[in-house]
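Below are the chains, spelled out letter by letter.
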Amino acid sequence: QVQLVESGGGLVQPGGSLRLSCAASGTILSIYDIDWYRQAPGKQRELVATITKYSSTNYADSVKGRFTISRDNAKNTMYLQMNSLKPEDTAVYYCSVRLFESSYWGQGTQVTVSS
């Protein structure tokens, strides 16, 4: 059974940084494309960043230049480095892995950017 467990969320001041981690178990991470999503209160879930199994990356315009998605297949873990955080980055962040028509999701981790 595939499980994804996120960590690293919390409260940070504007301009600060956080690194989210998502550890996978029950599978081999290297075969999947990976996404990070976020959902702010009252808003739809938004795709933030993607890294393919070939390590190609793509970012939402709202985070480009500030966030970096990465993967460590040896550790079966994926990351989202978030710098220059803004209040509008406040949301629950979810990791997800995709393979063909199958996808798996983490439980989400709260990120709050506030002074």
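Summary of the structure given here. Predicted model only: the values in this text are computed from it and were never measured. (Residues numbered from 1 in each chain as written. Predicted model: local features only at pLDDT ≥ 70, side-chain atom pairs only at ≥ 80, totals over all residues. Heavy atoms only, no water.)

**Topic: the overall build of the protein**
Tallying secondary structure elements over the protein gives 0 helices and 11 strands in all. Ordering the α and β elements of the protein from the N terminus gives β-β-β-β-β-β-β-β-β-β-β. Compactness check: the protein gives a C-alpha radius of gyration of 13 Å against a globular reference of 13 Å for 115 residues, within 12% of the reference. Buried residues in the protein amount to 43% of all 115 residues. Here the protein has roughly 6100 Å² of accessible surface; of this, 48% comes from carbon and sulfur atoms. Averaged over its 11 positive side-chain charges, the protein has a centre that lies 3 Å from the centre of its 9 negative ones. (Helix = DSSP H or I, 4+ residues; strand = E, 2+ residues; numbered from the N terminus. Rg over C-alpha atoms; globule rule 2.2 N^0.38 Å. Buried < 20%, exposed > 50% of the residue type's maximum accessible area, 1.4 Å probe, protein only. Areas by Shrake-Rupley, 256 points an atom, 1.4 Å probe, with all protein chains shown as cover. Lys, Arg positive; Asp, Glu negative; His and termini not counted. Charge placed at Lys NZ, Arg CZ, Asp CG, Glu CD.)

**Considerations on the layout of surface pockets**
By volume, the largest pocket is sized at about 170 Å³. Around the largest pocket sit 14 residues that line it, and Arg-38, Lys-43, Glu-46, Glu-88 and Asp-89 are the ones nearest its centre. Partitioned by chemical class, the residues of the lining of the largest pocket number 3 nonpolar, 4 polar and 7 charged. (1 Å grid on protein atoms, 1.4 Å probe; cavity = no way out; pocket = protein on both sides within 12 Å on 5 of 7 lines; lining within 4 Å. Points joined across faces, edges and corners; volume = space filled by probe spheres on them. Nonpolar A, V, L, I, M, F, W, Y, C, P; charged D, E, K, R; others polar.)

**Section: the pairing of strand β10 (residues 102-105)**
Across 4 bridges, strand β9 (residues 91-99) lies against β10 in antiparallel orientation. Bridge assignment links Val-97 to a residue of β10, and that residue is Tyr-104. Here β9 folds back onto β10 in antiparallel fashion, the turn holding 2 residues, of which Phe-100 has a positive phi close to 55°. (Pairing = 2+ DSSP bridges.)

**Section: the pattern of salt bridges**
If you walk through the whole model with that rule in mind, you get 7 salt bridges. Taking the shortest distance from any N to any O, the salt bridge between Arg-98 and Asp-33 comes out at 3.9 Å. Taken together, the positions of Arg-98 in strand β9 and Asp-33 in strand β4 (residues 33-39) put the pair 65 residues apart, joining distant regions of the chain. For Asp-33, a relative accessible area of 15% gives the class buried. Connected through shared salt-bridge partners, Asp-33, Asp-35, Lys-53 and Arg-98 make up one network. (Salt bridge = Lys/Arg side-chain N within 4 Å of Asp/Glu carboxyl O.)

**Some words on the side chain of Asp-89**
Position of Asp-89 relative to the elements: it lies in the loop between β8 (77-82) and β9. Here the side chain of Asp-89 touches Arg-38 through a polar contact of 2.9 Å, side chain to side chain. Those residues in contact with Asp-89 that sit more than four places away from it in its chain are Arg-38, Arg-66, Phe-67, Ser-84, Val-111 and Val-113. (Polar contact = N/O pair within 3.5 Å; in protein donor to acceptor, adjacent residues only side chain to side chain. Contact = heavy atoms within 4.5 Å.)

Remember, this is a structural readout, not a statement about activity or role.
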